[in-house]
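# Residue-level structure breakdown
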Amino acid sequence: MHSLPPPHPDAILHSQRLTTTIITAIEQAGGIIPFDEFMQRALYTPGLGYYSAGMQKFGTAGDFVTAPEITPLFAQCIARQCQQVLTNFESGVILEFGAGSGIMAVDILKTLEELDCLPAHYFILEVSSDLQQQQKAMFQAQAPQFLPLVEWLSRLPTEPLQGVILANEVMDSIPVQRFTVQADDIAESYITYKDNSFHWQEQVTPNEILQQAVTDLELPVGYVSEINLALPAWIQSIADILETGMVLLIDYGFPSKEFYHPQRNQGTLMCHYRHHSHIDPLILVGLQDITAHINFTAVAEATVNTNLHVAGYTTQANFLLACGLADILFSLNPDDKQKYLKQAQQVKTLILPSEMGELFKVMGLTKNLDIPLLGFSKDERTRL
Ligand SMILES: C[S@@+](CC[C@H](N)C(=O)[O-])C[C@H]1O[C@@H](n2cnc3c(N)ncnc32)[C@H](O)[C@@H]1O
């Protein structure tokens, strides 16, 4: 079974409080809720969900480490891509979805200042009010001079934007539907509560959109996976708000063929708890991250009826190298050998195929902006 570190007694109490609210929702719904609703509640219940409560999530003292937490060189590369786009506007802005600890925003602004290309505004759209507070504290501590530029939002602005929209490891936190292909039907995964724990319950789905979307995938009987039915609306909302500019989506995932590969027949759900990864989202409720990989073909397809154009799709390694990662590393002072070696090691984590280099992908979408994006200039082979 699970060999995970035991939670602190306070954390157990916290998890029990969240569990009680989910049990109530299950009872009110007649005994089961769909998995996507369970994931939504586990991650985002105000004050209690994993992303909505005040526990340390990012970095070595938390549950997982994201690229901007590993090294500022990641954000420096993203900033160079932003610079190329921002120079097309007199007062372009950046909007970052789900800014986590806030460190990427700080490092991007530091780099853009050095490049003399600060945006007119840096919006952070963060659904978690607790994370908004943590991000403000990060700016206070690390770069208070940028605070006048930064504006926190809980939903997309109503005014159209010109500039850049960023989302690093955000799509993987959007709740997904889980399904099983049956001989004559598509079963959806529901969650029920009995004998003091949450359990899966597969049931033929009444959701016709899910039924059709999974049928179209032509998967074999018994195949279990996920699909993100919220993605098209999310992409549409971005298309609606971006007047001119670029969207940069960075996340772990694959094109559809690999996502629904015959051997990946148990899906991609993954949970992160104190640097342990496992596949059971029904435990440690509110104390662990729950994620699903991204089907980048589905992201591209979601742009079809929008004015967004897929301007590039490549691996994280290709993207960062095209943005000058190697040059940035070589420009660092090698005299402090220990520091330099540490930075070189961090760069390896970002680009090695066995680490983040190939599993993580970058997709660039543009609207009314016809320029060859810097980060995709080295790509010769990544296909959707
Ligand atoms: C895995 S964390 C990544 C954080 C950060 N981008 C990083 O790379 O360290 C996911 C973040 O996305 C946020 N999030 C999830 N869904 C969102 C949405 N629909 N809009 C804005 N933020 C969202 C979460 O609150 C959290 O800050």
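Residues numbered from 1 in each chain as written. Predicted model: local features only at pLDDT ≥ 70, side-chain atom pairs only at ≥ 80, totals over all residues. Heavy atoms only, no water.

### Considerations on unusual backbone geometry
Defined as follows: We count a stretch as a helix when DSSP gives it H or I for four or more residues in a row; a strand needs E for two or more, and each element gets its number in order from the N terminus.
Here the phi dihedral of Asn196 falls at roughly 65°; this positive angle occurs in a residue that is not glycine. Even without a glycine there, the phi angle at Asn368 is positive, about 50°. Counting through the fold element by element, Asn368 comes out in the segment after strand E16 (360–367).

### A closer look at the side chain of His293
To keep it simple, the criterion reads: Residues count as neighbours in contact if any of their non-hydrogen atoms are within 4.5 Å of one another.
Within the element layout of this structure, His293 appears in the loop between strand E13 (289–291) and strand E14 (294–295). When residues no more than four places from it in sequence are discounted, the contact partners of His293 are Tyr252, Gly253, Phe254, Phe259, Thr268 and Leu359.

### Some details on the site of the ligand
Counted only if it meets this: Nearness of a residue to a molecule or strand requires only that one of the residue's heavy atoms be within 4 Å of it. What qualifies as a polar contact is a pair of N or O atoms within 3.5 Å, subject to a donor-acceptor requirement within protein and to the restriction that residues adjacent in sequence count only when both atoms come from side chains. Shrake-Rupley sampling with a 1.4 Å probe provides the accessible areas, and residues are treated as covered by the protein chains on show and by no other component. Any residue that is not Ala, Val, Leu, Ile, Met, Phe, Trp, Tyr, Cys, Pro, Asp, Glu, Lys or Arg is counted as polar, Gly included; the first ten are nonpolar and the last four charged.
Every one of the 18 residues lining the ligand counts as a neighbour, but Tyr44, Thr66, Gly98, Glu126 and Asn168 are closest to it. In the model, an oxygen atom of the ligand is placed 2.6 Å from a nitrogen or oxygen of the Thr66 side chain. Measuring from an oxygen atom of the ligand, one finds a side-chain N or O atom of Glu126 at 2.6 Å. Coverage of the ligand by the protein chains reaches 94% of its 600 Å² of free accessible surface. Residue composition of the shell around the ligand, grouped by class: eleven nonpolar, five polar and two charged.

### Some thoughts on the packing of aromatic side chains
The line we're drawing: Any Phe, Tyr or Trp ring, taking Trp's six-membered ring, that has another such ring centre within 6.5 Å forms a pair; planes under 30 degrees apart are called stacked, those over 60 apart edge-to-face, and the others tilted. Three exposure classes are used, based on accessible area relative to the maximum for each residue type with a 1.4 Å probe and protein chains only: buried under 20%, partly exposed in between, and exposed over 50%. Our definition puts a charge over a ring when NZ of Lys or CZ of Arg is within 6 Å of the ring centre and also within 35 degrees of the ring normal.
For the coordinates displayed, the defined rule picks out 15 aromatic pairs. When the centroid spacing of 5.3 Å and the interplanar angle of 40° are considered together, the rings of Phe35 and Trp200 count as tilted. Separated by 165 residues along the polypeptide, Phe35 in helix H2 (residues 35–44) and Trp200 in strand E8 (residues 197–204) bring together distant segments of the chain. For Trp200, a relative accessible area of 29% corresponds to the partly exposed category. Above the face of the Tyr50 ring, Lys57 is positioned so that its terminal group lies 5.6 Å from the ring centre. Lying over the aromatic face of Phe254, Arg264 brings its terminal NZ or CZ to 4.0 Å of the ring centre.

### Quick look at the environment of Pro34
As for its placement among the helices and strands, Pro34 is situated in strand E1 (residues 33–34). Judged by relative accessible area, Pro34 falls into the partly exposed class, the value being 21%. Spatially, the C-alpha atom of Pro34 lies 9.4 Å from that of Thr205, the residues being 171 residues apart in sequence. Here Pro34 is in contact with Glu188, Ser189 and Tyr190, once residues within four sequence places are set aside.

### Some words on the pairing of strand E10 (residues 242–254)
Looking along a regular strand, one sees the side chains alternate between the two faces of the sheet. Inclusion rule: At least two bridges found by DSSP between two strands are what make those strands a pair.
Of all the 13 residues making up E10, twelve are buried; the element is thus mostly covered by neighbouring parts of the structure. Across eight bridges, strand E5 (residues 161–168) lies against E10 in parallel orientation. Bridging across to E10, Val164 finds its partner in Met246. Pairing of E10 with E16, which is carried by eight bridges, proceeds in the antiparallel orientation. Across the sheet, Met246 pairs through a bridge with Thr366, a residue of E16.

### Quick notes on the sheet that holds strand E11 (residues 270–273)
How we decide: Each axis is a line fitted through C-alpha atoms, and for a helix only the stretch in contact is used; angles between axes span 0 to 180 degrees, taken between their N-to-C directions.
Ordered by their spatial adjacency, three strands build an open sheet running E12-E11-E13, and the pairing between neighbours is antiparallel. The open sheet has two edge strands, strand E12 (276–278) and E13, and neither has a second partner. Sheet twist, expressed as the average angle between the axes of neighbouring strands with direction ignored, equals 25°. In the sheet, E11 pairs with E12 via three bridges, with the strands oriented antiparallel. When the sheet's bridge partners are listed, His272 is paired in E12 with Ser277.

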